[in-house]
Amino acid sequence: MHPAVPASALPAVGDGVDFTEAWLRNRRLSEHTRDAYRRDIAGYLAWCAGRGLDPLRATFLDVNAYGRDLESTVEPRGGRPLTVATVARKLSALSSWYAFLAKLRAVEANPVSAADRPKVARDHSATVGLTPAEVDTLLAAADADTGPLAARNRAALTFLADLGLRVGELVSLNLDDIGYERGHRSVRFVGKGGKPRRRALTPGTSAALDAYLATRPDADAAAALFVTASGARLDRHAMFRLVRRYAQQARIPAWAKLSPHSLRHAFATAARAEGVPLEDVQDAMGHADPRTTRRYDRDRHNLDRDPAYTLWAARARRLSGR
């Protein structure tokens, strides 16, 4: 095993923050994911600083202590402890960070490898979903809005509902990401993992977009698609507030627990309920693993979809033909 190299011996990398930037530059990630990982590592470094702990000399015991602290951390917005999935994601980012440092010989080994990490059930998601009827009422509430940003809000919500985009993908869109391909109006964007992706815009999505663009001030093609009243890029926190505001106006019971991700879940569930093949939904959502797509499908345990019915119907047809 290689001896640990002190940070001072790595001038090209520098201190902990620079380690993070070097690690992020080495990964193919979307800007949204980079920002999330950057926050995760900054939080860990702050935790280490508060305890006088050198992160380059942390052990799996320190990582375990950090994990326990994460599990008891309360979210500022919701007032609830961090979910198991959030804690697991933060520790996963930390493990990748340490693996990078191990390759640089800045640490002897990755201390997260031997740590006690929470198990995330692949068949469960804590995100509160929406029924198709609730999605309709949410969009109707946005339609009824007559404010100066109503057209923008409706278009942004339509992108989430009709395309199932991640909120980070939505707010990262620029004007020149909208185009035409082989007879389809389309949108191009960078998905999770830094993968370039494209989706078709439905007539309804296009109509909502055009209504918004007619009210949007002219701007350079590389400018943000969805902007605030001051012209700044719309951010993910604003989208959280928009979803909950319109959901409250639509009198959706769980409005206070909804998020933009709720619309992504609703997209997957509705697509599968309408008979869209799992692999097509998986591709549309940009999932590498079909099990992830299945977790988003809230209706997958509905007995109406039990394949036994299909087999029985097929047997009945065969027997009736004798």
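Residues numbered from 1 in each chain as written. Predicted model: local features only at pLDDT ≥ 70, side-chain atom pairs only at ≥ 80, totals over all residues. Heavy atoms only, no water.

Asks: Could you clarify how one ought to interpret the nonpolar core in this entry?
Replies: Burial of nonpolar side chains together is a common tendency in soluble globular proteins. Ranked by internal contacts, the top residues of the largest apolar core, which has 42 residues, are Leu-157, Phe-159, Leu-170, Leu-173, Phe-226, Met-239 and Leu-263. Going through the elements one at a time, helix 5 (132–144), helix 6 (150–163), helix 7 (167–171), strand 2 (184–190), helix 8 (203–213), helix 9 (236–249) and helix 10 (260–273) are the ones with two or more residues in this core. The biggest single contributor to this core is helix 6, with seven residues. Counting residues in hydrophobic clusters, the runner-up holds 29 residues, among them Leu-24, Tyr-66, Leu-70 and Leu-82. (Core = buried A, V, L, I, M, F, W, Y, C linked by side-chain atoms within 4.5 Å. Buried < 20%, exposed > 50% of the residue type's maximum accessible area, 1.4 Å probe, protein only. Helix = DSSP H or I, 4+ residues; strand = E, 2+ residues; numbered from the N terminus.)

Asks: What should I look at first to understand the pattern of salt bridges in this one?
Replies: Pairing between side chains of opposite charge can happen when their charged atoms approach one another. The tally for this structure, following the rule as stated, stands at 13 salt bridges. Taking the shortest distance from any N to any O, the salt bridge between Asp-40 and Lys-90 comes out at 3.0 Å. One end of the pair, Asp-40, is in helix 2 (residues 31–50); the other, Lys-90, is in helix 4 (residues 84–103), with 50 residues separating them in the sequence. When sorted by exposure, Asp-40 lands in the same class as Lys-90, which is buried. Note that Arg-198 and Glu-181 form a salt bridge whose closest N and O atoms lie 2.4 Å from each other. Of the two residues, Arg-198 is situated in strand 3 (residues 196–200) and Glu-181 in strand 1 (residues 178–181); the sequence distance between them amounts to 17 residues. For Arg-198, a relative accessible area of 51% puts it in the exposed group. Several salt bridges converge on common partners, so that one network encompasses Glu-21, Asp-35 and Arg-38. (Salt bridge = Lys/Arg side-chain N within 4 Å of Asp/Glu carboxyl O.)

This is a description of form; function is not addressed.
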